[in-house]
Amino acid sequence: MKTQLPVAAYLRMSSDKQDKSIADQRTELLTYAAKHGYTIIAWYSDEAISGWKNKERRGFHQLIADAAGGTFQGVLCWDQARFSRFDPMEAN
């Protein structure tokens, strides 16, 4: 049996006009995690908050704080743009 890697999942949508709702993102991440050997042990989300409004993203800030504790070994996100609107190299 393959070891399951403990990860967190981050969900975000800017508005109700987003192409993937929070529920849709959650479903896709659960499917992806099951297929690739991840166990999602924590969920974080920010609803109706632009990726540019970093100070308002409470879920994101909690994710970063919890990551420092080493509880999970990675973060799954539906799309890089859901995680951050910053340049990918800067965000990494």
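For every chain, the first residue of the written sequence is number 1, and numbering continues from 1 along that sequence. Local features are withheld for residues below a pLDDT of 70 in this predicted model, meaning they are given only at 70 or higher, and side-chain atom pairs are given and counted only at 80 or more; totals for whole chains, interfaces and linings count all residues. With hydrogens and water set aside, each side-chain value is computed from the structure's full complement of heavy atoms.

**Considerations on the nonpolar core**
Note the following rule: Take the buried Ala, Val, Leu, Ile, Met, Phe, Trp, Tyr and Cys residues and link them wherever side-chain atoms come within 4.5 Å; each set so joined is a nonpolar core. Working definition: with a 1.4 Å probe on protein chains only, accessible area under 20% of the residue-type maximum means buried, over 50% means exposed, and in between means partly exposed. Numbered from the N terminus, helices here are DSSP runs of H or I no shorter than four residues, and strands are runs of E no shorter than two.
Ranked by size, the top nonpolar core spans 9 residues in total: V7, A9, L11, M13, I22, L29, A33, I40 and L76. Among the elements of the structure, β1 (5–13) and α1 (22–36) are those that each provide at least two residues to this core. Considering every element that reaches this core, the biggest residue donor is β1, with 4 residues. If you look at the next biggest cluster of nonpolar residues, it comprises 7 residues, including Y44, F60, L63 and F72.

**Observations regarding α1**
Condition: Take the number of residues in a helix, subtract one, and multiply by 1.5 Å to get its expected span. Each C-beta atom gives one direction from the helix axis, and the arc is the one those directions make.
With 15 residues, α1 should cover 21 Å at 1.5 Å per step; its first-to-last C-alpha distance of 21 Å lies within 8% of that length. When α1 is considered as a whole, its buried residues turn out to be I22, Q25, L29 and A33. Buried positions in α1, seen along its axis, are confined to an arc of 65 degrees and lie on one side of it. Across from the buried face of α1, at angles greater than 90 degrees, the exposed residues are T31, A34 and K35.

**Description of the sheet that holds strand β2 (residues 38–47)**
What links the strands of a sheet is backbone hydrogen bonding, and the strands pair in either a parallel or an antiparallel sense. Threshold: Any two strands with at least two DSSP-identified bridges between them are counted as paired. Axis angles are defined between N-to-C directions and span 0 to 180 degrees, where every axis is a line fitted to C-alpha atoms and, for a helix, only to the segment in contact.
The 3 strands are arranged β2-β1-β3 in an open sheet whose pairing can be described as parallel. Looking at which strands have only one partner, the edges of the open sheet turn out to be β2 and β3 (75–77). Averaged over all pairs of adjacent strands, the angle between their axes in this sheet comes to 30 degrees, without regard to strand direction. Pairing analysis gives 9 bridges linking β1 to β2, with the strands arranged parallel.

**Concerning the environment of D66**
Residue placement: D66 occurs in helix α2 (residues 58–68). Considering only alpha carbons, one finds D66 and A42, 24 residues apart in sequence, at a separation of 9.5 Å.

**Details of the environment of Y44**
Applied cut-off: In this description, contact between two residues means that some pair of their heavy atoms is separated by no more than 4.5 Å.
As for its position among the elements, Y44 is in strand β2. Its relative accessible area of 9% is what places Y44 among the buried residues. Sequence spacing of Y44 and G59 is 15 residues, and the spatial spacing of their C-alpha atoms is 5.1 Å. Contacts of Y44, omitting those with residues within four sequence positions, involve A8, A9, Y10, L11, G59, Q62, L63, D66 and F72.

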